[in-house]
Amino acid sequence: MKVKFDRLENSAKNVKTLWFTPEKSFDYTAGQFVEIYLPHKNADNRGQKRWFTLSSSPSEKQLSISTRQSTVQISSFKQELFALKKGDIIHISEPMGDFVLPKDTKRPIVFVAGGIGITPMRSMIKWLYDTNEKRNIILIYGMNNTDDYLFDRLFARYGIRPKVVTKHGSMGPITGQLVEKLSHRIPEQLIYISGPEPFTEKLEKELLDSGVPKENLVLDFFPGYQLD
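Summary of the structure given here. (Residues numbered from 1 in each chain as written. Predicted model: local features only at pLDDT ≥ 70, side-chain atom pairs only at ≥ 80, totals over all residues. Heavy atoms only, no water.)

### Things to note about the layout of surface pockets
Empty space among the atoms becomes apparent when a probe as large as a water molecule is rolled across them.
Here is step 1 of the chain: Space inside the second largest pocket adds up to approximately 290 Å³.
Here is step 2 of the chain: Lining of the second largest pocket is provided by 16 residues; of these, Glu-9, Ser-11, Arg-122, Phe-151 and Leu-154 occupy positions nearest its centre.
Here is step 3 of the chain: Those elements that place two or more of their residues in the lining of the second largest pocket are strand 1 (2–12), strand 2 (15–22), strand 5 (63–68), helix 2 (119–130) and helix 3 (152–158).
Here is step 4 of the chain: The element that contributes the greatest number of residues to the lining of the second largest pocket is helix 3, accounting for four residues. (1 Å grid on protein atoms, 1.4 Å probe; cavity = no way out; pocket = protein on both sides within 12 Å on 5 of 7 lines; lining within 4 Å. Points joined across faces, edges and corners; volume = space filled by probe spheres on them. Helix = DSSP H or I, 4+ residues; strand = E, 2+ residues; numbered from the N terminus.)

Below, the structure is given as structure tokens:
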């Protein structure tokens, strides 16, 4: 489907949020992702398509993605993305994915975000805030340093005080043992893990090894991102 680029916001030191207006209204579920197709000349080996979780909520009129801007070598795709001008039309897929809130509104939730993996959590918490739905949520938020902190005002408005874990802080880095300690290991809770692929794979293994049932883990990973 077609969307029209509206604006770019600086959300954190090296994170940009891009907002788009859909050509026509459509439904999606908070936490889902899309594929963006951005044809351009001299594309590098990462190609002209990329997956992005929507950081916007279905309660908002526009769609948004939030993505990191590399300080070393930026891909040709990201160069083209950040060069979009207001009114430019691009193509995105229909939203998809099952990294979404459980239907059981009483079930406790632990969100574990590594860096830019916070974006689907923003989508879901914004949806809950806008629809006045209160859920039992613990948010464990890992980042390199506090310059990377995203969406803090929204979390505060919803009443969540994230347990922030920085790379060189007293608690970091995030491990399965730390997740269990900070979440108090309630048997029925669902643990949502989102972040770079090595981050989610490592935590999944550690939590499974410690006895957390596989059906209690919900995973979402961001290919192409690293732990650092």
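### Description of the environment of Asn-132
Here is step 1 of the chain: Looking at where Asn-132 falls in the secondary structure, it is placed in the loop between helix 2 and strand 8 (137–143).
Here is step 2 of the chain: Once the C-alpha coordinates of Asn-132 and Tyr-158 are considered, the two residues, 26 residues apart in sequence, prove to be 9.1 Å apart.

### Some words on the sheet that holds strand 3 (residues 33–37)
Here is step 1 of the chain: Pairing is antiparallel across the open sheet formed by six strands, whose spatial order is 4-3-6-1-2-5. A single partner strand is all that each edge strand has here, and the edge strands are strand 4 (49–53) and strand 5. Averaged over all adjacent pairs, the angle separating strand axes in this sheet is 40 degrees, with direction ignored. (Pairing = 2+ DSSP bridges. Axes fitted to C-alpha atoms, helices over the stretch in contact; angles between N-to-C directions.)

### Let's talk about helix 2
Here is step 1 of the chain: Taking 1.5 Å per residue, 12 residues should reach 16 Å; helix 2 reaches 17 Å between its end C-alpha atoms and fits that length.
Here is step 2 of the chain: When you tally the buried positions in helix 2, you get nine out of 12 residues, the bulk of the element.
Here is step 3 of the chain: Thr-119, Pro-120, Met-121, Arg-122, Ser-123, Met-124, Ile-125, Lys-126 and Leu-128 are the residues of helix 2 that are buried.
Here is step 4 of the chain: Asn-132 lies just past helix 2 and shows a positive phi near 55 degrees. (Expected span 1.5 Å × (residues − 1). Buried < 20%, exposed > 50% of the residue type's maximum accessible area, 1.4 Å probe, protein only.)

### Observations concerning the pattern of salt bridges
Here is step 1 of the chain: This model, assessed by the stated rule, comprises 11 salt bridges.
Here is step 2 of the chain: With its nearest N and O atoms 2.6 Å apart, the salt bridge here joins Lys-86 to Asp-6. One end of the pair, Lys-86, is in the loop between helix 1 (76–82) and strand 6 (89–92); the other, Asp-6, is in strand 1, with 80 residues separating them in the sequence.
Here is step 3 of the chain: We note a salt bridge from Lys-202 to Glu-206, for which the minimum N-O separation is 3.0 Å. Pair noted here: Lys-202 and Glu-206 are both in helix 5 (residues 197–209), with a separation of four residues, about one helical turn. (Salt bridge = Lys/Arg side-chain N within 4 Å of Asp/Glu carboxyl O.)

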